[in-house]
Every structure is written in structure tokens, then in C-alpha cells.
Amino acid sequence: MKTLRPSLVSLMLMLVFGLIPARVTAQTAAVSPQARAIHNSAIVIDTHADTPQRFLDEKFDIGSNDPGDLGHISLDKAQAGNLGAEFFSIWVDPDTNQGHFARHTFDLIDSVYEQAARHSERMMMAYSVEDIERAHQQHKLAALMGIEGGHSIENDLHLLRDYYRLGVRYMTLSWSNTNEWADSSGDINDAKILHHNGLTDFGKQVVLEMNRLGMMVDISHVADKTFWDAIATTRAPLIASHSSARALTNAPRNMTDASLRAVSKNGGVVQVNFFSGFDDQKYWDAAQAQVKEQKAAMDDYIAKRKAEGKEVSYVELSRIEREWMAKIPRPPLKSLIDHIDHIAKVAGIEHVGLGSDFDGVSGATPEGIDSAADLPRITQALLDRGYSAQDIRRVLGGNLLRVFGDVERISREIQAAGTGTTSSK
């Protein structure tokens with residue numbers, strides 16, 4: 001007969017006498033002491049959160065402890081989930097920022113710096129593996145940045161270098177829009193869009209310059225041919241900052257088994273997306289079935305706001321999208337874990353990690369994952385599937401640290417050899 005630990009006995013007694021709500025107890029008891037110990041021993045790294053949109057559009061303060069806040073990321077939530085490093089997404093909506101992609105990119109970068117300065121006792125800007133480890137030692141959230149969409153560089157390598165100097169440590173070659181040098185999975189089947197059959201020659205220069213700088217090349221969102229061109233061009237390991245497995249959920253944004261094996265051979269890492277539509281086929285099918293109605297509702301809202309002479313923010317559109325996503329039942333946590341498990345089996349345990357897409361999926365995450373505070377549940381689920389403590393720590397952040405370190409090392413080697421691109425266009 002197993003004996004209960006005193007902490008669990010205390011929880012049960014408190015529940016019996018009505019001292020704490022059952023919901024809180026159920027959440028707490030969902031993670032065992034063993035799983036929590038493993039989780040807390042890791043440097044937990046998430047490679048994609050869209051919270052900077054909230055910093056700008058909502059004037060959201062990451063230090064907020066508002067219990068009614070539906071956001072995924074705050075300092076309290078990060079601390080509760082032992083989140084050690086977050087790559088904040090610098091995403092510029094290509095439709096609403098025509099003509100000033102760079103300006104909005106700089107605004108978003110500045111918003112992350114403002115938050116770090118405001119909460120310097122709990123959060124610090126980080127630019128390297130060493131910085132992430134130092135932040136962990138100081139019990140601070142390491143704040144890093146990744147640009148989501150190559151359109152932000154406005155076809156100019158000078159801007160790419162400026163973003164690196166400001167702390168951007170990865171760039172997604174394309175977002176859902178094909179840009180002038182990289183095809184996207186988001187519009188690859190749209191005959192009205194001019195495509196390039198993958199990467200153009202300039203796109204390949206971008207990849208090589210990222211290698212030289214020490215900026216990780218991110219292939220989430222890209223079309224399949226763009227992925228293969230990037231693999232063939234890069235001199236450093238690639239990352240997929242927030243992608244799942246197409247074998248389990250047939251979404252164009254997800255990666256095929258062939259691409260997973262290629263990332264493994266390349267030494268890279270695939271950071272699994274938490275969006276229910278990418279992790280659960282039933283959810284994806286239901287979401288696709290309501291796309292036209294959802295778009296009509298959003299277009300109608302935009303038209304009304306424009307008629308009133310008002311601009312429409314990302315946050316407003318996200319709220320509408322959240323309402324539509326809520327019409328579809330959330331899948332179980334198992335769906336997310338299945339993708340981690342699949343990628344670990346196909347690519348290898350050294351090539352999978354976490355890329356949540358927090359604050360960017362309109363609340364559409366699996367059951368049990370409501371914010372960064374719930375990250376320990378992933379550890380529990382992996383432990384339940386028989387993963388060792390060492391392998392779990394790899395998934396939680398160790399693999400990303402390895403790849404980041406390799407990218408830094410290769411950058412030093414390229415610069416020492418005096419090779420790499422130096423052109424601007």
C-alpha cells in the first residue's frame with residue numbers, strides 16, 4: 001500500500017472541510033511531486049508568444065496579476081509554470097502595415113524592452129545561451145525575440161543586421177503571406193499570388209546572412225519547397241519555432257515526416273505548437289468548416305469600424321476570433337502530447353521542444369493548458385508516457401539551448417573565416 005505525502009493529505013483535508021475550491025485542488029493534484037521536481041529542475045524555454053501585440057494594442061503590463069486576464073503570459077503565470085525563457089514574437093500584420101513594416105517591427109521590439117525595464121527585478125533581456133542560463137540563476141524570465149515573417153526586413157539585409165543588433169535571435173522566413181523572396185504555406189495554393197518555387201537567390205542570401213550573424217533560421221509557416229531550399233542552403237541547424245506534425249493533423253502549417261527527418265539530420269529542433277487546430281484533426285476540420293462565416297463576421301466588423309472612421313486593432317480581431325474558436329470543443333491535452341511523441345519518434349528526442357504560440361491562438365489551446373502556469377502538466381503527461389527525466393528536460397528546453405549554442409558557434413566560425421554575405425540587397 002502506498003502512503004500519501006503530507007502535502008497531498010493536507011490538500012484532501014482542506015477540501016473535505018471546504019477550505020479551498022475543488023477546481024483549484026484538481027489542478028494542483030494534476031501534477032505529481034515527481035513531475036513537478038523534474039519540471040522545476042529544467043530551464044523551460046518557449047519559442048513563440050504573441051504577447052507584444054498586447055503590449056502595444058492593450059497597453060498590457062506583463063506584471064499584471066488581474067485574475068480576470070485571459071492572456072497566456074504574465075510574470076506570475078511564467079513563474080508558476082517555471083518558464084525560464086520566452087521568445088516574444090515580433091509579428092507585423094502585412095495587411096494593416098503596408099508601407100511601414102520596419103516601423104511597426106521597431107515598435108514591437110521596443111515594447112519588449114519597455115516591459116523588461118519596468119520589471120527588471122523579475123525579467124531581463126537575453127541575447128545568448130549564456131544570458132538564458134544567467135537569467136535562470138537569477139530567477140528571472142529571460143526575454144528574447146523572434147521576428148515572425150521575413151517581410152519585416154523590407155528586402156534589405158541592413159535591416160536584418162539592425163534587428164540582430166537589437167536582440168532578435170530568430171526570424172521566420174515567411175509568415176502566412178508569401179513575401180518577395182520566400183513562399184508561404186499560407187497562400188501557396190492561391191493562384192493570384194506570385195510565387196517563387198521556394199526561396200529566391202536573395203532568400204538564400206538571407207539564410208546565409210542569418211547564419212553569419214548567429215540568428216536562428218525559422219521555417220515555421222514556410223511552404224514545403226521553401227523548407228527544402230532552406231535546408232539545402234543553411235550552414236547551421238534550423239528551428240521550427242511553432243509547428244506540429246502533419247502526419248497527425250493534416251494542416252499545411254504542420255511538418256511532414258520527411259521534413260522532420262531532414263531537421264534531425266540538420267541538427268535542428270521542432271518546437272511543437274499548442275494551437276488546437278494544428279494538434280487535433282477534428283478541431284482543424286471544424287475550424288475550416290466555419291472559416292467563411294468567421295471571415296464574413298470579421299469583414300463586417302472592419303467595415304463598420306472604418307465607416308466610423310476608426311482603425312481596427314489586432315486585439316479587436318483576436319476577440320472576434322476567440323468567440324468563433326470557442327464554438328468548437330477543446331481537444332484533450334493528449335492531442336498536444338501526441339505531437340511531441342510523434343516528432344520524438346520520427347526526428348529523435350533531441351529534436352523536439354515547445355513553441356506554444358501563446359497569446360496568438362485566440363484561446364484555442366487543449367484542455368488543461370490555459371496559460372504558462374500549466375506547463376508542468378506537459379511534464380506530467382510525458383512522465384506518464386514513460387519519458388525519462390533527462391529526455392523531458394531536453395523537450396522542455398535543453399534541445400533549444402543546444403541548437404542556439406550551435407548557431408552561435410557556427411556564427412563565430414563564419415566570421416573568423418571572413419566568409420558569408422555582406423551585400424545589402
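Before any of the text, the structure's been laid out above.
Every chain is numbered independently, its residues counted from 1 as its sequence is written. Thresholds applied to this predicted model are a pLDDT of at least 70 for local features of residues and 80 or more for the giving and counting of side-chain atom pairs; totals over whole chains, interfaces and linings are not thresholded and use all residues. Excluded from the side-chain calculation are hydrogens and water; included are all heavy atoms of the structure.

(A) View of the overall build of the protein. Broken down by element type, the protein carries 18 helices and nine strands. The globule rule is 2.2 Å times the number of residues to the power 0.38, and the radius of gyration it is compared with is taken over C-alpha atoms. Taking 22 Å as the expected radius of gyration for a compact globule of 425 residues, we find that the protein reaches 21 Å, a close match to that expectation. Taken over the C-alpha atoms alone, the protein extends approximately 70 × 55 × 45 Å along its principal axes. Scored against the burial criterion, the 425 residues of the protein give a buried share of 56%. When contacts within the protein are restricted to residue pairs at least 6 apart in sequence, those whose partners lie at least 24 apart make up 74%. In the form shown here, the protein has an accessible surface area of approximately 18,300 Å², with 53% of it arising from carbon and sulfur atoms. Measuring between centres, the 45 positive side-chain charges of the protein sit 3 Å from its 56 negative side-chain charges. Put simply, DSSP marks the helices as runs of H or I at least four residues long and the strands as runs of E at least two long, and each gets a number from the N terminus on. Only protein chains enter the accessibility calculation, which uses a 1.4 Å probe; a residue whose area is less than 20% of its type maximum is buried, one above 50% is exposed, and one in between is partly exposed. Pairs of residues are marked as contacts when any of their non-hydrogen atoms sit within 4.5 Å. The protein chains shown are the only cover counted for residues, whose accessible areas, like all others here, come from Shrake-Rupley with a 1.4 Å probe. His is not counted, nor are the chain ends; Lys and Arg add positive charge and Asp and Glu add negative charge. To locate a charge, the coordinates of NZ of Lys, CZ of Arg, CG of Asp or CD of Glu are taken.

(B) Inspection of the nonpolar core at higher detail. By nonpolar core we mean a set of buried residues, namely Ala, Val, Leu, Ile, Met, Phe, Trp, Tyr and Cys, connected to one another through side-chain atoms within 4.5 Å. With 83 residues, the main nonpolar core has Leu173 and Ile378 as its most contacted residues. Looking at this core element by element, the count peaks at seven residues for helix H16 (residues 333–347). Residues Ile43, Ile132, Leu400 and Leu401 belong to the second largest nonpolar core, which totals 23 residues.

(C) Structural view of the pattern of salt bridges. For this document, the term salt bridge refers to a Lys or Arg side-chain nitrogen within 4 Å of an Asp or Glu carboxyl oxygen. Across all of its chains, the model carries 27 salt bridges by this definition. For aspartate 61, the salt bridge is made with arginine 118, and the minimal N-O distance between the two is 3.6 Å. Of this pair, aspartate 61 sits in the loop between helix H4 (51–57) and helix H5 (75–80) while arginine 118 sits in helix H6 (residues 101–118); the two residues are 57 residues apart in sequence, bridging distant segments of the chain. Between arginine 377 and aspartate 374 there is a salt bridge whose closest N-O contact spans 3.9 Å. Assigned by exposure class, arginine 377 and aspartate 374 land together as buried. Within the structure, one salt-bridge network assembled from shared partners comprises Lys334, Asp338, Asp341, Lys345 and Arg385.

(D) Molecular detail of the packing of helix H10 (residues 224–233) against helix H11 (residues 257–266). Fitted lines through C-alpha atoms give the axes, limited to the stretch in contact for helices. The angle between two N-to-C directions lies from 0 to 180 degrees. Between H10 and H11, whose axes approach to 11 Å, the crossing angle comes to 15 degrees. With respect to each other, H10 and H11 are oriented roughly parallel. Regarding H10 and H11, the two cross each other, and that crossing is left-handed. On H11, the residues touching Phe227, Trp228 and Ile231 of H10 are Ala258, Ser259, Ala262, Val263 and Asn266. Polar here means any residue outside two lists: the nonpolar Ala, Val, Leu, Ile, Met, Phe, Trp, Tyr, Cys and Pro, and the charged Asp, Glu, Lys and Arg; Gly therefore counts as polar. Residue classes in the contact of H10 with H11 are distributed as six nonpolar, two polar and no charged. Angular relationships are summarised with four words: roughly parallel below 35 degrees, roughly antiparallel beyond 145, roughly perpendicular across 65 to 115, and oblique for the angles in between. In this scheme the crossing of two helices becomes right-handed for a clockwise turn of the near helix relative to the far one and left-handed for an anticlockwise turn of less than a right angle.

(E) Quick look at unusual backbone geometry. Phi is positive for asparagine 155, which is not a glycine, with a value near 60 degrees. By relative accessible area, which is 26% here, asparagine 155 ends up partly exposed. A positive phi is found at aspartate 357, a non-glycine position, where the angle reads about 70 degrees. Positionally, aspartate 357 belongs in the loop between strand E9 (352–354) and helix H17 (376–384). For aspartate 357, a relative accessible area of 8% gives the class buried.

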